[in-house]
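Working through the structure, step by step
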Amino acid sequence: MKRSFRIAAAAAAFAIAAVSVTSCSNGKESEETITKIPLEFQIDNSDKNSNLAAADPTNPNAELPTVYENVFDENGQVVTEYIVVTNSNGEVEMQVVEVTDANGEVQKDAQGQPITELIPVTQAVPVTQAVVDNVSNASPNMGSANAIWADITKNYVFNDQFIELVFKVKEDAPAGAYDVKFTRVEFSSLTGDGGSKLVHADKLIDGKIFVSTDADAQPDIPESGFTVSCDYASANPGEKFKLPLRIKNNPGVVGMLIWFEYDKNVLELQKGNSVGEYAEIAHPEVNDKK
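Residue indices follow the written sequence of each chain, beginning from 1 at its first position. Given that the model is predicted, a residue must reach a pLDDT of at least 70 before its local features are reported, and side-chain atom pairs must reach 80 or more before they are shown or counted; all residues, however, enter totals for whole chains, interfaces and linings. Side-chain numbers come from the whole structure's heavy atoms, not from hydrogens or water.

**A word on the nonpolar core**
Of all hydrophobic cores here, the largest spans 42 residues; its most connected members are Phe162, Ile163, Phe167, Phe187 and Tyr278. In this structure Phe167 touches Val180, Ile209, Glu239, Lys240, Phe241, Leu243, Tyr262, Leu267, Glu268 and Leu269, once residues within four positions along its chain are discounted. The term nonpolar core refers to a set of buried residues drawn from Ala, Val, Leu, Ile, Met, Phe, Trp, Tyr and Cys, joined through side-chain atoms within 4.5 Å. Burial status follows relative accessibility: with a 1.4 Å probe on protein chains alone, a residue under 20% of its type maximum counts as buried, one over 50% as exposed, and anything between as partly exposed. Note on definitions: a residue-residue contact is assigned when non-hydrogen atoms from the two residues lie within 4.5 Å.

Pasting the structure below:
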C-alpha cells in the first residue's frame, strides 16, 4: 500500500509540474516542494507473477516446456536409428526384397529365380533426447520500474547518458537475450507564454541484455529527432552490470516520467543513478536530506 501511494504521489506531482506552473507561487517552502522533485526510482522485484500459469526458468521445481534435441556421435554426426513405417491405419507397411547371402549375392531357387521375402518397410530417423528449453519457451515474469523527476524553474537540456540502471543477473539465469522495454515515456517542457506542455520522444529504442552470450550490435540512433534509448549489454549469471539510458536531441525539459519492464526470472534491478550532464540537474542533494 505504501509503495503504491508513493508512485501515485510522484505521478501526481509530475502532472502538476507539467500543467500548472503558475500554482507554485505561494511561499518559498511550497514552491520548493512542488517545483523540484528529485530523481526517484520505484522498482518491482517482488516474486509475484501476473501470469500465474507462467513457468519460472529459475525455479528447479517449475514445470518447464520439454523439447527434443538431436544426439551426435563423437565425430559430430547425427546418430540415426531405423523405425518401422506404418500407414494411416496404423498397419505395418511391407515390401518384397531379394534374399542375399553374407557377401551380398542374391540367392536363387532351383529354377534360377531370385528368392524373395516379405519384410517391414523401415525408415532412418535422427535419435533425439528430451531437454528442458529454459530460454525460448519459458514464459517471462515481467517486472516494472519507473523513474520520475521534475524541476520547473527552467527548461534543462542534457544529452547522452542520463540514467544508469544497475542490474544483477540471477545465479541460475538461462542463456539468452532479454528485453528491457520502455512502456511509458513522457516529458514536460515550459512554453514561451509561461505555461507547460507534455513532450514525447520521436523515437524510443529498447535495450537488451544478453546472458552468457555476446551482445548484438547496438541499434543506430537517428541523427535527427528527439530519441530516448537503452543500451545493449552482455553479462553472466551472478554478475552485476550497468545499463545506460541515453537521450539525444533533447529539446529542453522540466520533468520526466519513464516506465520500463524486464524479466524478473532472469534479472534483478538493484538501483538507478543519474549520470552525465543530468547528474547535477537531478538534485541528488535533495535525496541526501531524506
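**Points about the confidence of the model for the chain**
pLDDT expresses how confident the predictor is about each individual residue, on a scale running from 0 to 100. Looking at the chain as a whole, its pLDDT mean stands at 79, while 74% of the residues score no less than 70. In the model, residues 1-10 has pLDDT below 50 throughout and makes nine contacts with residues more than four positions away in sequence or in other chains. The low-confidence segment residues 133-137, where pLDDT is below 50, has eleven contacts with residues more than four positions distant or belonging to other chains.

**Overview of the packing of aromatic side chains**
Any two rings among Phe, Tyr and Trp, with Trp reduced to its six-membered ring, count as a pair given centres within 6.5 Å; such a pair is stacked if its planes are under 30 degrees apart, edge-to-face if over 60, and tilted if neither. Summed over the entire model, instances satisfying the criterion amount to ten aromatic pairs. On the basis of an interplanar angle of 20° and a centroid distance of 5.8 Å, the ring pair of Phe167 and Phe241 is categorised as stacked. Of the two residues, Phe167 sits in strand β9 (residues 160-169) while Phe241 sits in strand β16 (residues 240-248), which places them 74 residues apart along the sequence. Each member of the pair, Phe167 together with Phe241, is buried. Taken together through their ring pairs, the aromatic side chains of Trp149, Tyr156, Phe158, Phe162 and Tyr278 make up a single cluster. Each helix corresponds to a stretch of at least 4 residues labelled H or I by DSSP, and each strand to a stretch of at least 2 residues labelled E; elements are numbered beginning at the N terminus.

**What to know about the pattern of salt bridges**
Salt bridges, as used here, are contacts in which a Lys or Arg side-chain nitrogen is within 4 Å of a carboxyl oxygen on Asp or Glu. Tallied over the entire structure, the rule returns eight salt bridges. In this structure, the salt-bridge partner of Lys264 is Asp44, at a minimum N-O distance of 3.6 Å. Of the two residues, Lys264 sits in the loop between β17 (255-263) and β18 (267-274) while Asp44 sits in the loop between β1 (36-43) and β2 (66-70), which places them 220 residues apart along the sequence. Exposure remark for Asp44: the relative accessible area of 18% places this residue in the buried category. For Arg184, the salt bridge identified is with Glu186, shortest N-O distance 3.3 Å. Of the residues examined, Glu186 reaches a relative accessible area of 16% and is grouped as buried. Ionic contacts of the salt-bridge type, sharing partners, join the residues Asp160, Asp231 and Arg246 into one network.

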